[in-house]
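Remarks on the overall topology
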Amino acid sequence: MKAMILAAGLGTRMRPLTDHCPKPLLPVADKPLIVHHLERLAAAGITDVVINVSYRAEQIVEALGDGQRFGVSLAFSHEATPLETAGGIRHALPLLGDAPFLLINGDVWCDVALETLPELKGDLAHLILVDNPDHHAEGDFALDDAGRVRLESTPRLTYAGLAILDPALVASLPDDSPAKLAPLLREAITAGRTGGTHHRGGWVDVGTPERLEALDAHLRGI
């Protein structure tokens, strides 16, 4: 299985930290945030990784190189302007191929065991869901006892920014056109083609300088 890390965003919520440094390269426990992802992917045996880049793309490419020193092989999908989540995935399909792949938001940290994630088995998506954080108390989706993701049910959980996706989910989108992932996921859920896993371990949406600082302290054991 290949993986794609979303790293093309402007990082506006992290300013002023991202004024001169793209968010994926912000340091957490003495290494860039995105390197934590690369090391976890390598440990799980997922070594072919696509990263989409736009804002300060050259800094990311220069910092990561071909990925060899992290145990992975990197390919970069360049976007002239950020294409949003689904648009970025669609643009990267030539690098991802036709098989299901693992999608990771570049601005999260999660200790889920990537090697244990299930196959899609006909689904279009399998979402990793977590307990709702204080800053997103209403959650996103529900997960029933059969492991199916639902739109209208309780209790609700939060999408962790990790998923296994079938390229068919975005293949019909026009290339080089911005598009959000959430509407496509809702369509797949309504069609009964989305499974989910409730991850009860560590997870952080590194969306603000305060959360970045808290994650840094956690990983350092402070």
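Residues numbered from 1 in each chain as written. Predicted model: local features only at pLDDT ≥ 70, side-chain atom pairs only at ≥ 80, totals over all residues. Heavy atoms only, no water.

Some thoughts on the overall build of the protein chain
Within the protein chain one finds five helices and 13 strands. Since a compact globule built from 222 residues should have a radius of gyration of about 17 Å, the 17 Å found for the protein chain is in line with a globular shape. Counting every position in the protein chain, which comprises 222 residues, the buried fraction comes to 50%. Nonlocal contacts in the protein chain, meaning residues at least 24 apart in sequence, comprise 75% of its contacts between residues at least 6 apart. In the protein chain, which carries 19 positive and 30 negative side-chain charges, the distance between the mean positions of the two groups comes to 2 Å. (Helix = DSSP H or I, 4+ residues; strand = E, 2+ residues; numbered from the N terminus. Rg over C-alpha atoms; globule rule 2.2 N^0.38 Å. Buried < 20%, exposed > 50% of the residue type's maximum accessible area, 1.4 Å probe, protein only. Contact = heavy atoms within 4.5 Å. Lys, Arg positive; Asp, Glu negative; His and termini not counted. Charge placed at Lys NZ, Arg CZ, Asp CG, Glu CD.)

A closer look at the nonpolar core
L41, V49, I51, L64, L102, L114 and L162 are the most contacted members of the largest nonpolar core, which totals 43 residues. One finds I89, V149, L169 and A188 within the second-largest nonpolar core, a separate group that totals 29 residues. (Core = buried A, V, L, I, M, F, W, Y, C linked by side-chain atoms within 4.5 Å.)

Comments concerning the pattern of salt bridges
Tallying each qualifying case throughout the model produces nine salt bridges. When the shortest N-O distance is used, the salt bridge between K31 and E39 registers 2.7 Å. Relative accessible area serves as the criterion here: at 25%, K31 is assigned to the partly exposed category. Close ionic contact of D205 with R211 constitutes a salt bridge, the shortest N to O distance being 3.4 Å. Pair check on accessibility: D205 and R211 agree, each one buried. Through salt bridges with shared partners, a single ionic network connects D30, D216 and R220. (Salt bridge = Lys/Arg side-chain N within 4 Å of Asp/Glu carboxyl O.)

A few points about empty space enclosed by the protein
If you roll a probe as big as a water molecule over the atoms, it shows you where there is empty space left. Overall, the coordinates contain one cavity of 30 Å³ or more when judged by the stated rule. Estimated volume of the largest cavity: approximately 50 Å³. In terms of lining residues, the largest cavity is bounded by H37, R40, L41, I104, C110, L114 and L162. For the lining of the largest cavity, a count of residues per class yields five nonpolar, one polar and one charged. (1 Å grid on protein atoms, 1.4 Å probe; cavity = no way out; pocket = protein on both sides within 12 Å on 5 of 7 lines; lining within 4 Å. Points joined across faces, edges and corners; volume = space filled by probe spheres on them. Nonpolar A, V, L, I, M, F, W, Y, C, P; charged D, E, K, R; others polar.)

Considering the environment of I104
Assignment of secondary structure puts I104 in strand β6 (residues 101–105). Put simply, I104 and H37 are 67 residues apart on the chain and 8.2 Å apart in space, counted from C-alpha to C-alpha. Discounting residues that sit within four places of it in the chain, I104 has contacts with M4, I5, L6, H37, L41, G161 and L162.

Re the layout of surface pockets
Computed from the structure, the largest pocket encloses a volume of approximately 1,100 Å³. Lining the largest pocket are 39 residues, and of these L6, R13, T85, N105 and D107 lie nearest its centre. At five residues, strand β11 (residues 156–165) tops the list of elements feeding residues into the lining of the largest pocket. Partitioning the lining of the largest pocket into residue classes produces 17 nonpolar, eleven polar and eleven charged. Taken as a whole, the second largest pocket spans an internal volume of roughly 180 Å³. Residue composition of the lining of the second largest pocket, grouped by class: ten nonpolar, no polar and two charged.

Topic: helix α3 (residues 84–96)
Over its 13 residues, α3 extends 17 Å from the first C-alpha to the last, a length consistent with the 18 Å expected when each residue adds 1.5 Å. At R90, α3 shows its strongest bend, of approximately 35°, with the proline P94 following within four residues. Considered for burial, the residues of α3 that qualify are A86, G87, G88, I89, R90, H91, A92, L93 and L96. G97 occupies a position one or two residues after α3 and carries a positive phi of about 85°. (Expected span 1.5 Å × (residues − 1). Bend = angle between axes of the 7 residues up to and from the residue.)

A closer look at helix α2 (residues 57–64)
Every buried residue of α2 is listed here: A57, I60 and L64. An end-on view of α2 places all buried positions within 65° of arc, on one side of the element. Facing away from the buried side of α2, by more than 90 degrees, are the exposed residues E58 and E62. Elements that come into contact with the buried residues of α2 comprise α1 (33–43), β4 (48–53) and β5 (73–78). Just beyond α2, the residue with positive phi is G65, at close to 60°. (Arc of directions from axis to C-beta.)

Note that all results are geometric; they support no functional claim without further evidence.
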